[in-house]
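# Notes for the structure review
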Amino acid sequence: MKVKDRTTTRATHRARRAIAWLASMACVLALIPGTAKADNPIVQNIYTADPAPMVHNGRVYVYTGHDEDGSTNFTMREWRVYSSADMVNWTDHGSPMNLATFAWADANAWAGQVVARNGKFYWYVPVRQRSNGQMVIGVGVADSPTGPFRDALGRPLVGNNEIDPHAFIDDDGQAYLYWGNPGLWYVKLNPDMISFSGSATRIPLTTAGFGTRNGNASRPTLYEEGPWVFKRNGLYYNVFAAECCSEFIAYSTATGPTGPWTYRGTIMPRQGASFTNHAGVIDFQGGSYFFYHNGALPGGSGYTRSVAVEKFSYTSNGLFPTITMTNTGAPQVGTLNPYVRQEAETIAWGSGIETEASSEGGMNVGWIENGDYIKVKGVAFGAGATSFSARVASATSGGRIEVRLDSATGPTVGTCAVGGTGGWQTWTTSTCAVSGATGTHDLYLRFAGGSGNLFNINWWQFGGTGGGSATNLLTNGDVENGTTGWGVHGSGTLARNTTLAHGGSGSLSITGRTGAWNGPSQDVTAKLTNGKSYTTNAWVRAQSGTPSAKATLSLTANGTTNYLQLTPAVGVNVNGWTLLTGTATVSWSGTLTSAAFYVETAEGTDSLLVDDASFQ
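Before going further, it helps to spend a moment on the overall build of the protein chain. Helix and strand counts for the protein chain come out as 2 helices and 44 strands. In terms of overall dimensions, the protein chain is globule-like: its C-alpha atoms have a radius of gyration of 24 Å, near the 25 Å expected for 616 residues. The principal-axis extent of the C-alpha atoms belonging to the protein chain is close to 75 × 60 × 50 Å. Here the protein chain, with 616 residues, has 59% of them falling under the buried criterion. For the protein chain, long-range pairs separated by at least 24 residues make up 63% of all intrachain contacts whose partners lie at least 6 apart in sequence.

Listed below in structure tokens is the structure:
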């Protein structure tokens, strides 16, 4: 857990606050009638670069590098993860991998990419090998898209002093790893994703395949670096950074994963304050999205970059349109439900705040001073909220949270007092009344109080009658009525633990598990709607070790049982509570005869605690 000294690191914090304040001014200007509302870059509290998006289990995960404040070179020591279910509100998952993950590396945590396979997540990254000073490709592996990641090999996977790895799994199951600057290389990965067959193969960089560069005999084509290979409607695309400096984004297509390639032209022209660019392309919820980086934040440059995203549509013949950088960003997919617990670090725009690891698991928002705020976009209050709760901690005298609508100076619908709790990680829940929050609005949590750091906030949630379909399908999810409503999926013994609780006076304990799929369970057969999306939140605590936990839904229809993972697998521990959270669409064919919600761990025989669970 990162616990900063809040006096000795003030210079760094002041620098970041200056960045955030200037960025917030851009957002305020964008609120003037007749101008667009800014949602790009998607992260405002630190500099991020080299986006690598991945769609998994109904969310978009974006893996980035981290440019250090004030960098005058590519000074990067860690990688970061963000995720979103709606393309505008991004959850900060912190840094699950850094240079220290690879004991044999000493510098340059540069552009990488993550791919899922075999129930695991593989993060391919270029780093400098300590023994020879050469750039090589390492691979981290995790059981969850948010990590933590560990070194899969204890050595480089492959290396030839070139950079920017990208993995692609073809329809036939064959996986490829591409990388290169100044060349373009690939290997065929084995099914284990951490070894390969044969040797590295160099893709011919022809002008027909990658365009013509003028005035540089040693590099006759436009290809520079950062390959992003994918397949769509039978056609292979290779999107890449072209002709430094400054770079633009171009692409080529082919009928096979290794070519021969045909150059197709420019996607994103040379723009912005960064002399590099780096693209990632995905499809999500029926739309196509183009991720890139620029230098759009105050202090931004080619060494202090920021990740952004645009929505686009392919032409009728499957080609890219020209895509221009904007401060508007992608439109929101759906709305955000305020009647389920939302992490405070789920943010569309933040001013003045930073994030840090929380003792309760995940991240929290911290370094809050008077006038700082968080914007959460497209919050659906429905018929109306009546209360607001926030998990807060303060080593000072605290302050207050002003619950506002549509801007940081918009109507105040509630104010929550936050008192001192005795520590920055000593948590309590503060609740206040809310009036006037109906319909769909942008939510602003504005923080107020005296001078200096006021408090931290870990999560928030509204209560009221406006939740509509957000009724918790779990009986006694807060475990305040013993084990009522709960059963066991598989083997095990349930009891109520009154010593350890996330909230209230007790939690649910299960012991005597004999398999990974055993866990506390509830029958939800009669409560589900086919084709509907449900959000899961459950707090879990290990009784031993650090197992990986997740929530699962078993569905039996027409005699066939399928299993739907409701939340990403997350490592849990004995020292605190960890939130399992995710949104998934539940569907089946035929007649549903059985549906069970349950929490499980990969360990299988360990005991665990569950509290404050919701499935809605």
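Glancing now at the sheet that holds strand β11 (residues 166–169). Pairing between the strands of a sheet is mediated by backbone hydrogen bonds and can be parallel or antiparallel. Across the sheet, which stays open at both edges, the 4 strands sit in the order β11-β12-β13-β14 with antiparallel pairing between neighbours. The open sheet is flanked by β11 and β14 (196–202), the only strands paired with a single partner. Adjacent strand axes in the sheet meet at a mean angle of 20°, parallel and antiparallel pairs treated alike.

With that settled, the discussion passes to the packing of aromatic side chains. Overall, the coordinates contain 35 aromatic pairs when judged by the stated rule. The interplanar angle of 70° and the centroid separation of 4.9 Å between the aromatic rings of Tyr-251 and Phe-320 together place this pair among those described as edge-to-face. Here Tyr-251, found in strand β17 (residues 248–254), pairs with Phe-320, found in the loop between β21 (306–312) and β22 (342–343); they are 69 residues apart in sequence, far enough to count as distant. With respect to class, Tyr-251 is no different from Phe-320; both count as buried. These aromatic residues form a ring-pair network of at least three members: Tyr-63, Trp-79, Phe-102, Trp-104, Trp-123 and Phe-149. Here Arg-341 stacks its cationic end above the ring of Trp-459, 3.9 Å away from the centre of that ring.

If charged atoms from side chains of opposite charge come close, those side chains can pair. For the coordinates displayed, the defined rule picks out 20 salt bridges. Across the pair Arg-150 and Asp-143 runs a salt bridge, and its minimum N-O distance is 4.0 Å. When the shortest N-O distance is used, the salt bridge between Glu-402 and Arg-400 registers 3.4 Å. Residue Arg-400 is classed as partly exposed on the basis of its relative accessible area of 36%. Among the ionic contacts, a cluster of salt bridges with common partners joins Arg-400, Glu-402, Arg-404 and Arg-446.

Before going further, it helps to spend a moment on the state of the cysteines. Under the definition given, this model contains 2 disulfides. Between Cys-244 and Cys-245 runs a disulfide, and the two sulfur atoms are separated by 1.5 Å. An S-S torsion of about 50° defines the bridge between Cys-244 and Cys-245 as right-handed. Judged by its relative accessible area of 54%, Cys-245 is exposed.

Our next topic: the sheet that holds strand β32 (residues 440–448). Taken in spatial order, the 5 strands of this open sheet run β24-β27-β32-β29-β30, and their pairing is antiparallel. At either margin of the open sheet sits one strand with a lone partner, and together these are β24 (349–351) and β30 (412–418). In this sheet, neighbouring strand axes are inclined to one another by 20° on average, regardless of whether the strands run parallel or antiparallel. In this structure, β24 lies alongside strand β27 (residues 373–380), joined through 3 bridges in antiparallel fashion. Bridge assignment links Ser-351 to a residue of β27, and that residue is Tyr-373.

Cis geometry marks the peptide bond from Asn-181 to Pro-182; its omega dihedral reads 20°. Relative to the helices and strands, Pro-182 is located in the loop between β12 (175–179) and β13 (185–189). Here the amide bond leading from Cys-244 into Cys-245 is cis, since omega sits at 5°, within 30 degrees of zero. Its identity is not glycine, yet Asn-57 carries a phi of approximately 55°, on the positive side. Tracing the sequence through the fold places Asn-57 in the loop between β1 (47–56) and β2 (59–67). For Asn-476, which is not glycine, the phi torsion reads 60° and is therefore positive. Counting through the fold element by element, Asn-476 comes out in the loop between β33 (456–464) and β34 (487–489). Owing to a relative accessible area of 10%, Asn-476 belongs among the buried residues under this scheme.

A separate point is the nonpolar core. A general trend in soluble globular proteins is that nonpolar side chains are found buried together. Tyr-63, Trp-123, Val-239, Val-281, Phe-290 and Phe-320 are the most contacted members of the largest nonpolar core, which totals 44 residues. Looking at this core element by element, the count peaks at 4 residues for strand β8 (residues 120–129).

Right, let's talk about the environment of Trp-577 for a bit. In this fold, Trp-577 is placed in the loop between β41 (570–571) and β42 (578–586). By relative accessible area, Trp-577 is classed as buried at 5%. For the pair Trp-577 and Ser-359, spaced 218 residues apart in the sequence, the C-alpha separation amounts to 8.0 Å. The residues contacting Trp-577, other than those within four sequence positions of it, are Glu-360, Gly-361, Leu-500, Ala-501, His-502, Ser-507, Trp-539, Val-540, Arg-541, Leu-609, Val-610 and Asp-611.

The next thing to look at is the side chain of Ser-83. Position of Ser-83 among the secondary structure elements: in strand β3 (residues 76–84). Here the side chain of Ser-83 touches Arg-59 through a polar contact of 2.9 Å, side chain to side chain. Once residues lying within four places of it in the same chain are set aside, the contact partners of Ser-83 are Arg-59, Val-60, Tyr-61, Asn-89, Trp-90, Thr-91 and His-93.

What follows concerns the pairing of strand β26 (residues 363–366). The alternating pattern of β26 places Met-363 and Val-365 on one face and Asn-364 and Gly-366 on the opposite face, and all of these are buried. In terms of strand pairing, strand β25 (residues 354–357) meets β26 through 4 bridges, oriented antiparallel. Across the sheet, the residue bridging to Glu-354 is Gly-366, located in β26. Between β25 and β26, which pair antiparallel in sequence order, lie 5 residues; one of them, Gly-361, sits at a positive phi of approximately 100°.

Another aspect to go through is the confidence of the model for the protein chain. Mean pLDDT for the protein chain: 91, with 93% of residues reaching 70 or above. Below a pLDDT of 50 lies the segment residues 1–15, which in the model reaches 29 contacts outside its immediate sequence neighbourhood of four places, other chains included. Segment residues 24–36 is flagged for pLDDT under 50; beyond a separation of four residues in sequence, or across chains, it makes 18 contacts in the model.

What counts as what
Residues numbered from 1 in each chain as written. Predicted model: local features only at pLDDT ≥ 70, side-chain atom pairs only at ≥ 80, totals over all residues. Heavy atoms only, no water. Helix = DSSP H or I, 4+ residues; strand = E, 2+ residues; numbered from the N terminus. Rg over C-alpha atoms; globule rule 2.2 N^0.38 Å. Buried < 20%, exposed > 50% of the residue type's maximum accessible area, 1.4 Å probe, protein only. Contact = heavy atoms within 4.5 Å. Pairing = 2+ DSSP bridges. Axes fitted to C-alpha atoms, helices over the stretch in contact; angles between N-to-C directions. Phe/Tyr/Trp six-rings, centres within 6.5 Å; stacked < 30°, edge-to-face > 60°. Lys NZ or Arg CZ within 6 Å of the ring centre and 35° of its normal. Salt bridge = Lys/Arg side-chain N within 4 Å of Asp/Glu carboxyl O. Disulfide = S-S within 2.5 Å. Core = buried A, V, L, I, M, F, W, Y, C linked by side-chain atoms within 4.5 Å. Polar contact = N/O pair within 3.5 Å; in protein donor to acceptor, adjacent residues only side chain to side chain. pLDDT = per-residue confidence, 0-100.

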